[in-house]
Each structure stands twice: as structure tokens, then as C-alpha cells.
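If you want the building blocks of each chain, they are given just below.
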Amino acid sequence: MRVVVAGMGNVLRGDDGFGVAVAQRLEAVAAPEGVDLLELGIGGIHLVQELLEPTDGLVVVDAVELGRPPGTVAVIRPDVKDVSTMSLQERRDELADMHYATPSRALMLASALTILPKTVWIVGCQPQDADRLGEGLSPVVAAAVDPAAAEVRRLVSKLGIRW
């Protein structure tokens, strides 16, 4: 059993660094055997490369626009676009990103390569301001780091790895 937990986001854009902050919090205690904890930042292509090794489950942590109050944490089953249904121009537009900085694009590429695990969750947090230049989370989003880390551990446990 292998589960990948990936913290994503741009730490230089305020609350957008949420996923990285959660990954850092989870790193404070050793992850159990079978869990690969990654702090990816904006390097979604690295996630795709990690999924080249057979993976049973994936948990991505990121700031996500939920339309809810800032600091709200939610577990989402992502709707991954199917590249095979796109026109050539749509494929060029969608897949022309060298870094695959957004989880949606990284997941789309992994799906197209048939390496996306069947079980994928996003643990998302509604940002207060993900466009602010500078490091550090807003206080309300920083308060959501521990609850999000608990959600990650709960999801991994649902896959059979006690955390």
C-alpha cells in the first residue's frame, strides 16, 4: 500500500501557501510506513513524476476557492478533465503548462498517463487572500492548518494505513 500526500501552493502568495504549511505540520511527526509526504509548492509536475510509482491513494492539500468563509476546510473528490475528449486546441491550451502548478492540471496529466490512483481527495481550505504578495498565512487560514492535517490523517486511515 502506498499513499501520497502532497502539499501544494505558492508560499510567496499569502494564503495560497496553505498546502505547504499543512505538509510542514505533518512532517513534524514521522509519517507511517506506506505514506509518502511531499511538500511540492508549485511543482505539480513533481507530483506527476511521483505517481509514476504505483500509488493506491492520493491526498492533495491546497488553498481552494470554496465560496465559504475564510478558513473553512473541506474534503473534495476532484472532477478530473478527460484529455481524450478535448480538441487538439484544448489539449494545447490545457497541457502547455511546464510546471503543472495547479493540482487540477497535474491530476489531468496523471489521468491522461493512466497513473492517477482510483482514490483521490483534495483537502482544501478557503483562503482569505491568496493573491497577497508575501509569505505567511492570514490568521484565520493559519488556524485551519491543524484541522486540515487531522483530515489528511483521517483520509489516509480510511485507506488502511493508521496515522
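Above this text sits the structure in question.
Summary of the structure given here. (Residues numbered from 1 in each chain as written. Predicted model: local features only at pLDDT ≥ 70, side-chain atom pairs only at ≥ 80, totals over all residues. Heavy atoms only, no water.)

1. A short note on the layout of surface pockets
In this approach a probe as big as a water molecule rolls over the atoms, and the regions it shows empty are the leftover space.
Next, step 1: Here the largest pocket is characterised by a volume of approximately 280 Å³.
Next, step 2: Residue lining of the largest pocket: 16 residues in total, with D62, A63, V64, T102 and P103 positioned closest to the centre.
Next, step 3: Class assignment of the residues belonging to the lining of the largest pocket gives a composition of nine nonpolar, three polar and four charged. (1 Å grid on protein atoms, 1.4 Å probe; cavity = no way out; pocket = protein on both sides within 12 Å on 5 of 7 lines; lining within 4 Å. Points joined across faces, edges and corners; volume = space filled by probe spheres on them. Nonpolar A, V, L, I, M, F, W, Y, C, P; charged D, E, K, R; others polar.)

2. Details of the environment of G44
Next, step 1: By the secondary structure assignment, G44 is in helix α2 (residues 44–50).
Next, step 2: Given the relative accessible area of 0%, G44 is considered buried.
Next, step 3: Sequence separation between G44 and L113 is 69 residues, and the spatial gap between their C-alpha atoms is 14 Å. (Helix = DSSP H or I, 4+ residues; strand = E, 2+ residues; numbered from the N terminus. Buried < 20%, exposed > 50% of the residue type's maximum accessible area, 1.4 Å probe, protein only.)

3. What to know about the environment of E33
Next, step 1: With respect to the secondary-structure elements, E33 resides in the loop between α1 (18–27) and β2 (35–41).
Next, step 2: Residue classification places E33 among the exposed residues on the basis of a relative accessible area of 81%.
Next, step 3: Sequence separation of E33 and V3 is 30 residues, and the distance between their C-alpha atoms is 9.5 Å.

4. Points about the sheet that holds β2
Next, step 1: With mixed pairing, the five strands of this open sheet are ordered in space as β2-β1-β3-β5-β4. With one partner strand each, in any of the chains shown, β2 and β4 (73–76) form the two edges of the open sheet. Sheet twist, expressed as the mean angle between neighbouring strand axes with direction ignored, is 15°.
Next, step 2: Where β4 meets strand β5 (residues 119–125), four bridges bridge the pair, whose relative direction is antiparallel. When the bridges of β5 are listed, I76 appears paired with I122.
Next, step 3: α1 rests against β1 (3–8), β2, β3 (57–63) and β5 of the sheet, and its axis sits at about 145° to β2.
Next, step 4: Running over the sheet, helix α6 (residues 145–158) touches β1, β2, β3, β4 and β5 and is turned about 170° from β5. (Pairing = 2+ DSSP bridges. Axes fitted to C-alpha atoms, helices over the stretch in contact; angles between N-to-C directions. Contact = heavy atoms within 4.5 Å.)

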